[in-house]
Amino acid sequence: MDSAVHNENGRLPMSTSAQIGVTGLAVMGRNLARNFARNGYAVAVHNRTASRTRALLEEFGDEGEFIGAETAADFVAALERPRRLVIMVKAGDPTDAVIEEFAPLLEDGDVIIDGGNAHFADTRRRERDLRERGIHFVGTGISGGEEGALHGPSIMPGGSAESYASLGPMLEKISAKAADGAPCVTHVGPDGAGHFVKMVHNGIEYADMQLIAEAYQLLRDVAGYSPAQIAEVFRTWNTGRLDSYLIEITAEVLSHVDAATGKPFVDVVADQAEQKGTGRWTVQLALELGVPVSGIAEAVFARSLSGHTALREASRGLAGPTAQPLSGAAADAFADQVEQALYASKIVSYTQGFHEIAAGSAEYDWNIDLGAVAAIWRGGCIIRAAFLDRIRAAYDARPDLPSLLADETFATEIAEAQHDWRAVLGAATSQGVPTPGFAAALAYYDSLRADRLPAALTQGQRDYFGAHTYRRTDREGSFHTLWSEDRSEVQV
Ligand code: NBP
């Protein structure tokens, strides 16, 4: 018996040959399938639990051409060749289970696309295994949540250039479009490059959110503004260089009033933030690659600290200043300084994130175009921002830019912001308002611009207790001082 579930909406599908298939029809997969269908593609749909497939067809079957399938065999049979099969299931073991279910049914040249939030190392392993079986595997970062999946996400595909040739035009069609009309998708690079870039995207997202949260706290405790007033400040900032989705939704959240209590919504939400894998992965990878992503790390740690309720309870009331809110013109002037501090810190976060992408690209031989990455983050994704246009321009002008801070425009902006940045951190420190993100960003900036770092002393200590040797500023070679003898120096 043919178990294909056809479009029940009064008509049979126009074709039994789908250009793309989506398996895994929870919130992301369902919306992605609808996005393909709304853009004119015939889409085969499948889910482990068939009721989800039927629900999609019943609710949205009239949005385009769907071919429902209850079995893996029917699903594969519904796809035109080379088959393009998108997996949108829970990342981890389920992805491997689904691959093992479908791969034996596929043929040379077929393409499996994993749109889940996979760790890039898993993607590298899967790509290698499937390549040996003649199947292209495209690990694809997708950002924008369920709304993005439906209306246009930012898409970060890895995998072979050959698979992108067949897949790219379809992804371009369903992706978000930047303000200049460019599709927010590019072939990021081979094997795990797409998922790696998606991981760093999420790390930057963590940092962006932490910096915004610190700005909010400063406006509340030091400027003495109410959440509603702070919402207005964010709305104003959103018309300038900080124009971004995250600033926009921050204003919405801050102006929201809890219906049950009449209090600002932000005051009735428990102050314990959650963290999923990708922010942590970004920091773990950065440690392995030796890339200082201190802003992203502080953002992950800040969420982690917020969740340690017992530790916080035990520490509440420890000595320290209580913020004395400003008022009137002084408060407004301080708010302007916070905007400068936020912007400068944001530049540093992106500098660190792009450094990690460059390091990953070099380590795994991905040849990632950093300007193209900035370009596809301009629309659809959570960190979409006007600012990304300028990052793209910086890398387009100089693809070998060693750091965003070396770009003249950004360097000038930081030069102009730094007085206020330091003033804000001074106020935060003296008034006891924690600003780990702002502080880490400024420390990174000051460390990079320093003529000499105390790492020289660190090297001396390491040589003292562990004979780890050191290099000198005036001569080539490695040296060791005989600390426990006559302190003479030997070349080693
Ligand atoms: P979930 O991550 O909640 O996964 C649910 C789907 O996985 C269902 O279709 C479920 O089938 C299927 N599944 C599981 Br669980 N185990 C399976 C197995 N062993 N074999 C076959 N199917 C299995 O769905 P989601 O929130 O839509 O996210 C999908 C992917 O997209 C995830 O990797 C997620 O990380 C990623 N992502 C999510 C977002 C977002 O904003 N939510 C954004 C970007 C990327 P069932 O119906 O039979 O249980």
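Cut-off values and rules
- Residues numbered from 1 in each chain as written.
- Predicted model: local features only at pLDDT ≥ 70, side-chain atom pairs only at ≥ 80, totals over all residues.
- Heavy atoms only, no water.
- Near = heavy atom within 4 Å.
- Polar contact = N/O pair within 3.5 Å; in protein donor to acceptor, adjacent residues only side chain to side chain.
- Helix = DSSP H or I, 4+ residues; strand = E, 2+ residues; numbered from the N terminus.
- Nonpolar A, V, L, I, M, F, W, Y, C, P; charged D, E, K, R; others polar.
- Buried < 20%, exposed > 50% of the residue type's maximum accessible area, 1.4 Å probe, protein only.
- Pairing = 2+ DSSP bridges.
- Right-handed = clockwise from strand over helix to strand, strands pointing away.
- Salt bridge = Lys/Arg side-chain N within 4 Å of Asp/Glu carboxyl O.
- Domains from an automatic or database assignment.
- Contact = heavy atoms within 4.5 Å.

Caption draft 1: Quick look at the site of the ligand. Around the ligand sit 20 residues, and of these Met28, Asn47, Thr49, Arg52 and Val89 come closest. Between an oxygen atom of the ligand and a main-chain N or O atom of Val89, the distance comes to 2.9 Å. Secondary-structure elements contributing two or more residues to the shell around the ligand are α1 (27–38) and α4 (93–102). Looking at side-chain class alone, the shell around the ligand contains 11 nonpolar, six polar and three charged residues.

Caption draft 2: Focus on the pairing of strand β2 (residues 20–23). Covered by surrounding structure in β2 are Ile20 and Val22 together with Gly21 and Thr23, the residues of both alternating faces. Relative to strand β3 (residues 43–46), β2 is paired through four bridges, and the arrangement is parallel. Its bridge partner being in β3, Ile20 is matched across the sheet by Val43. In this view, the connection linking β2 to its parallel neighbour β3 by way of α1 has right-handed handedness. For β2 and strand β5 (residues 84–87), the ladder comprises three bridges, and the chain directions are parallel. Paired with Thr23 across the two strands is Ile87, which belongs to β5.

Caption draft 3: Layout of the pattern of salt bridges. Inspection of every chain in the model, using the stated rule, returns 32 salt bridges. In this structure, Glu107 engages Arg81 in a salt bridge whose closest nitrogen and oxygen atoms are separated by 3.6 Å. Taken together, the positions of Glu107 in the loop between α4 and β6 (111–114) and Arg81 in the loop between α3 (72–77) and β5 put the pair 26 residues apart, joining distant regions of the chain. On the basis of relative accessible area, Glu107 is assigned to the partly exposed category, the value being 35%. When the shortest N-O distance is used, the salt bridge between Arg472 and Asp474 registers 2.8 Å. Using a relative accessible area of 31% as the deciding quantity, one classes Arg472 as partly exposed. Through salt bridges with shared partners, a single ionic network connects Asp96, Asp114, Asp122, Arg125 and Arg126.

Caption draft 4: Seen up close, the domain arrangement of the protein. With domains assigned, the protein is organised as domain 1 (20–187), domain 2 (199–449) and domain 3 (454–491). The gap between the C-alpha centroids of domain 2 and domain 3 is 39 Å.

Caption draft 5: Focus on unusual backbone geometry. Look at the link from Arg81 to Pro82: it is a cis peptide, with omega at -5 degrees. Its place among the elements puts Pro82 in the loop between α3 and β5. Its identity is not glycine, yet Asp365 carries a phi of approximately 60 degrees, on the positive side. On the secondary structure map, Asp365 appears in the loop between α15 (328–364) and α16 (370–376). Classification of Asp365 by relative accessible area gives exposed; the value is 67%. Residue Asn367 is not a glycine yet carries a positive backbone phi of 55 degrees.

Caption draft 6: Layout of the side chain of Asp463. For Asp463, the location among the structural elements is in helix α20 (residues 455–466). Within the structure, the side chain of Asp463 is placed 2.9 Å from the backbone nitrogen of Thr469, a separation counted as a polar contact. Setting aside anything within four residues of it in sequence, one finds Asp463 in contact with His468, Thr469, Tyr470, Phe479, His480, Thr481 and Trp483.

Caption draft 7: A look at the sheet that holds strand β11 (residues 489–491). Strand order in this open sheet of three strands is β9-β10-β11, and the pairing throughout is antiparallel. This sheet does not close on itself; its edge strands, each paired only once, are β9 (470–471) and β11. Note that strand β10 (residues 478–481) and β11 share three bridges and pair antiparallel. Looking across to β11, one finds that Thr481 is bridged to Glu489.

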